[in-house]
Amino acid sequence: MTTSIASRRDFLKSGAAAGGLLLSFSIAAKAEAAEAGVRPLNAFVLIAPTGLVTITAKNPEIGQGIKTMLPMLIAEELDVDWAKVRIDQADSDPKLYGRQFAGGSMATPLHWDELRRVGAAGRAMLIAAAARDWGVPATECATRPGVVFHPSGKSATYGELAAKAAALPIPDPASLSLKDPKAYRIIGKATPQYDTARIVTGAPLFGIDVRRPGMLYATFEKSPVFGAKVASADLAAAQAVKGVRKAFIVEGGAVLSGLLPGVAVVADSWWAARKGRDRLNTRWAEHPTSGQSTAGFARQAAELAAAPPARTLRNDGDVDAALRAGAHTVEAAYAYPFLAHASLEPQNCTADFKAGKLEIWAPTQNPEPGRQLVARTLGIAADDIVIHMTRCGGGFGRRLSNDYMVEAAWIAREAGAPVQLLWTREDDIRHDFYRPAGFHFFTGGVSATGDLVAWRDHFITLGASPDQLASSAGMAATEFPARFLPNFRLDLSTMPSGVPTGPLRAPGSNGLAFVVQSFIDELAHAAGADPVAFRLKLLGDHKMVGDGPGAYNAERMRGVLLAVAAQSGWGTRLLPKRSGMGVAFHYSHLGYFAEVALVRVAADGAVRVENVWVAADVGRQIINPSGALNQVQGAVIDGVSVALFQKITIEGGQTVESNFADYPLLRIADAPKVEVQFVNTDYPPTGLGEPALPPALPAVCNAIFAATGKRVRSLPIDPAYLRA
Amino acid sequence: MRLRYRRPTSKGDAALAYKLNVDGKIREADVEADTPLLWVLRDTLGVLGPKYGCGVGACGACTVHLDGVPVRSCLTSVDSVGAARVVTIEGVGATDAGRRVQAAWSALDVAQCGYCQPGQIMSATALIARKPKPTDADIDAAMSGNVCRCATYTRIRAAIKHAANQPREASDRL
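Residues numbered from 1 in each chain as written. Chains lettered and ligands numbered in written order. Predicted model: local features only at pLDDT ≥ 70, side-chain atom pairs only at ≥ 80, totals over all residues.

## Quick look at the overall build of chain B
Each helix and strand in chain B was counted, giving five helices and six strands. Listed by position from the N terminus, the elements making up chain B come as β-β-β-α-β-β-β-α-α-α-α. With 174 residues in all, chain B has 57% of them scored as buried. For chain B, long-range pairs separated by at least 24 residues make up 56% of all intrachain contacts whose partners lie at least 6 apart in sequence. (Helix = DSSP H or I, 4+ residues; strand = E, 2+ residues; numbered from the N terminus. Buried ≥ 20, exposed ≤ 12 C-beta atoms within 10 Å, placed from the backbone. Contact = placed C-beta atoms within 7 Å.)

Set out below in structure tokens:
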């Protein structure tokens with residue numbers, strides 16, 4: 001996805017710059033906190049005289065474990081005992097913390113170096129303070145957790161040194177040397193999430209748990225046809241419900257990611273607000289997108305596929321000539337549906353507007369664009385908005401958008417009281433920024449020697465034109481297998497859509513891996529080749545292919561593919577009838593993943609995914625093995641859930657599905673066993689929130705082919721098609 | 001014991017005031033009879049542990065115990081609770097099974113986002129209390145009403161076995 005790669009590069013740049021900023025801006029942090037009596041070492045670290053260390057977690061926590069993992073980096077180089085660390089969640093404050101977002105699996109690559117240096121800077125200051133006290137060179141001093149010591153036998157605790165250390169200049173982080181990984185005491189150790197005790201006892205943590213004095217509760221009803229205006233609503237009927245304080249129409253705008261038209265009901269309790277809403281009998285104005293439908297998009301895609309493409313994104317060699325010369329030609333049409341995020345905590349936000357200033361408590365993955373949206377929409381200064389980031393009950397990309405934040409802010413100002421806006425589950429399913437549906441029309445050619453010699457993909461996606469694609473609806477011209485065969489062509493055509501779309505966990509990749517790795521499987525079978533051997537041959541003996549954002553390390557991919565083949569017993573298992581194994585690999589979010597699934601297909605077509613084996617290469621260091629394993633197992637099962645069950649259907653311009661009865665999520669009885677091995681290679685560590693998901697879908701579909709001889713070309717998997 | 005009585009409200013009409021036994025304490029709530037227990041707990045009594053996920057009994061995030069039986073509090077009207085003992089995630093640690101399940105959840109670092117886990121723990125506790133050595137089939141049956149969007153099912157299963165002092169599988173180890 002070209003847009004996300006460009007923005008990822010920007011993140012990296014700003015991250016590198018922030019490495020300097022973080023420490024220089026810590027002076028502001030000191031002045032503020034000094035009033036409270038204890039002076040922090042820098043913007044992230046405060047050590048109390050007791051030796052208790054408080055570390056600030058800068059990024060939003062959405063279940064990816066970042067509130068624990070980023071402080072681990074600081075604590076390691078600060079050299080403290082993890083049991084003495086407490087973690088405070090930062091507010092959104094980019095001047096102090098740089099960019100604060102949860103997206104793109106970018107927190108690890110952006111912070112691996114930077115936050116270790118923040119810790120090392122603190123340690124250097126503690127050593128400097130001790131050395132000055134003892135009249136010895138700092139270079140003669142060393143630390144063990146929480147203590148500076150000198151060979152002469154002198155020692156002092158960090159708690160004793162903290163105040164003096166905090167008064168010293170902050171060293172240039174670039175000048176500091178970092179620990180030998182062999183000496184790590186925290187990095188690489190399975191570390192439970194910091195909030196575990198609160199999670200298991202039900203203590204308040206999430207956006208929905210925010211309570212403010214005098215707070216009211218709100219619901220907000222929007223048009224099922226995205227963005228339609230309110231024609232009429234019976235506000236009086238809603239206001240007659242006991243507990244309802246106010247019902248009012250929000251004019252809203254036409255931008256789907258902003259404040260949309262709707263009706264707000266504010267009450268003493270959320271249940272009362274909801275009952276009031278049920279009496280509104282809202283009618284909606286006509287809207288130009290009320291005719292769009294999933295079936296219509298599919299029809300249009302088929303028509304576009306038969307016509308010349310709007311644009312050719314890549315054209316290597318001569319695909320047509322190679323197809324004419326090839327021994328086997330395979331054509332196949334693939335499709336994947338719209339998907340909702342369905343984070344388990346429905347969208348919500350608490351806002352308090354007082355004397356021109358706004359305070360917000362939001363479960364958001366991306367607070368700063370929310371601040372800008374709120375400032376613009378309400379006509380207030382961005383500096384007059386404070387954003388507290390709560391723990392998020394799931395993110396998956398949904399909370400990169402801040403529509404619920406601007407709704408809460410608007411409603412709170414209108415209500416004249418602190419308000420918690422909470423969406424119903426139906427609101428959440430019907431007003432998402434969906435993973436866009438996509439259509440791929442493939443032609444592939446295999447030579448008499450079993451080599452893949454030609455590949456053409458006509459990708460039909462959503463957008464007004466190839467230059468105005470819907471959010472997350474793009475595809476990079478470097479997407480595999482581009483550059484791995486001589487004749488490759490990627491064509492693009494678009495169809496306009498009024499469906500709101502956006503990034504869903506592993507955006508782009510979550511659909512592309514399914515179609516690409518499934519079609520490669522078709523070609524492997526056409527070549528009469530083993531699917532692992534065919535893929536190894538395709539990867540060839542290249543090391544790096546391309547450079548910059550599209551760079552692809554074929555050596556790392558071969559490594560995980562060979563590892564997962566061995567791990568899964570590929571080619572060595574005797575399987576019962578209608579059972580089969582499938583393989584797939586995918587590179588995304590800087591991670592190399594190969595997966596093998598073992599499935600059993602019942603006579604009635606029901607698919608049971610029994611095992612998934614995963615080989616993952618995310619570099620030289622797994623920072624928190626407990627969190628890492630949990631992310632990979634969860635992402636794989638999430639992928640299986642998507643493949644088996646999930647689709648959003650648009651009819652009459654509206655979303656048909658509304659809750660977990662018709663948008664099912666996989667449950668425990670259907671969860672496969674997921675075995676994970678991390679293949680360590682000498683590259684910088686990268687993230688794990690996303691890249692394990694994409695290959696799970698094609699691995700399952702390829703296993704179904706092995707089990708039944710039937711090729712799944714559209715999702716979700718249809719059991720009726722797989723009946724014996 | 002008479003648990004509800006009528007009381008005039010500011011709007012002049014009659015509301016029911018309920019006395020509920022929540023986590024071992026008698027709590028009073030002036031709410032409409034059709035109010036789901038979930039919203040009485042969260043918005044009236046400030047018991048925030050049970051979570052709203054779907055409102056239709058399909059996700060299990062709101063699970064509480066009524067006299068030890070797991071129920072979906074989003075579908076349980078306050079009027080139907082009567083004298084039953086309501087135990088939530090905030091009070092379940094007072095029971096032996098609840099304490100063991102919470103400890104297992106902590107030891108195995110089960111959660112990702114954590115939003116569903118109060119409901120998971122309530123269902124798991126009811127299972128362990130009823131069946132101290134649950135089989136995989138028992139776990140499937142007892143836990144299938146609880147969705148985990150982060151799909152932490154591998155650890156949920158392992159934690160239930162851990163709480164029941166049963167051996168774990170190799171792939172469950174951290």
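## What about the pairing of strand 18 (residues 438–446) of chain A?
Residues and elements named next belong to chain A. With eight of its nine residues buried, strand 18 lies for the most part within the structure. With nine bridges connecting them, strand 13 (residues 328–336) and strand 18 associate as antiparallel partners. Pairing of H328 across the sheet is with V446, part of strand 18. Here strand 18 hands over to strand 19 (residues 452–465) after five residues, with G450 in that stretch at a positive phi of 85°. (Pairing = 2+ DSSP bridges.)

## Concerning helix 5 (residues 153–163) of chain B
Taken across its 11 residues, helix 5 of chain B has 11 buried, putting it largely inside the fold. All of the buried residues along helix 5 of chain B are Y153, T154, R155, I156, R157, A158, A159, I160, K161, H162 and A163 of chain B.

## So, the interface of chain A and chain B
Counting residues at the interface gives 52 residues for chain A, matched by 51 residues for chain B. Those elements that place two or more of their residues in the side of chain A that touches chain B are helix 7 (196–201), helix 9 (270–278), helix 18 (625–645) and strand 29 (673–678) of chain A. Broken down by element, the side of chain A that touches chain B gets its largest block of residues, nine residues, from helix 18 of chain A.

## Observations regarding the sheet that holds strand 2 (residues 53–57) of chain A
All names here are of chain A. Across the sheet, which stays open at both edges, the three strands sit in the order 1-2-3 with mixed pairing between neighbours. Looking at strand neighbours, the two that pair on one side only are strand 1 (45–47) and strand 3 (85–89), the edges of this open sheet. Averaged over all pairs of adjacent strands, the angle between strand axes in this sheet comes to 25°, irrespective of strand direction. Here five bridges tie strand 2 to strand 3, and the two strands are oriented parallel to one another. Pairing of I55 across the sheet is with I87, part of strand 3. Contacts from helix 3 (residues 66–78) reach strand 1, strand 2 and strand 3, with the element oriented near 135° to strand 2. (Axes fitted to C-alpha atoms, helices over the stretch in contact; angles between N-to-C directions.)

## A look at the packing of helix 18 of chain A against helix 19 (residues 696–708) of chain A
For any two helices packed against each other, the geometry comes down to the angle between their axes and how far apart the axes lie. All names here are of chain A. Two numbers describe how helix 18 lies on helix 19: the axes approach to 8 Å, and their chain directions differ by 55°. By the angle between their directions, the pair helix 18 and helix 19 is classed as oblique. Seen along the crossing, helix 18 lies across helix 19 with a hand that is right-handed. Of the residues in helix 19, those touching helix 18 at V636, G639, V640, V642 and A643 are A696, L697, V700 and C701. Along the lines of polarity and charge, the residues of the contact of helix 18 with helix 19 split into eight nonpolar, one polar and no charged. (Parallel < 35°, antiparallel > 145°, perpendicular 65-115°, else oblique. Left-handed = near helix turned anticlockwise from the far one by under 90°. Nonpolar A, V, L, I, M, F, W, Y, C, P; charged D, E, K, R; others polar.)

Just distances and angles here, no functional claims.
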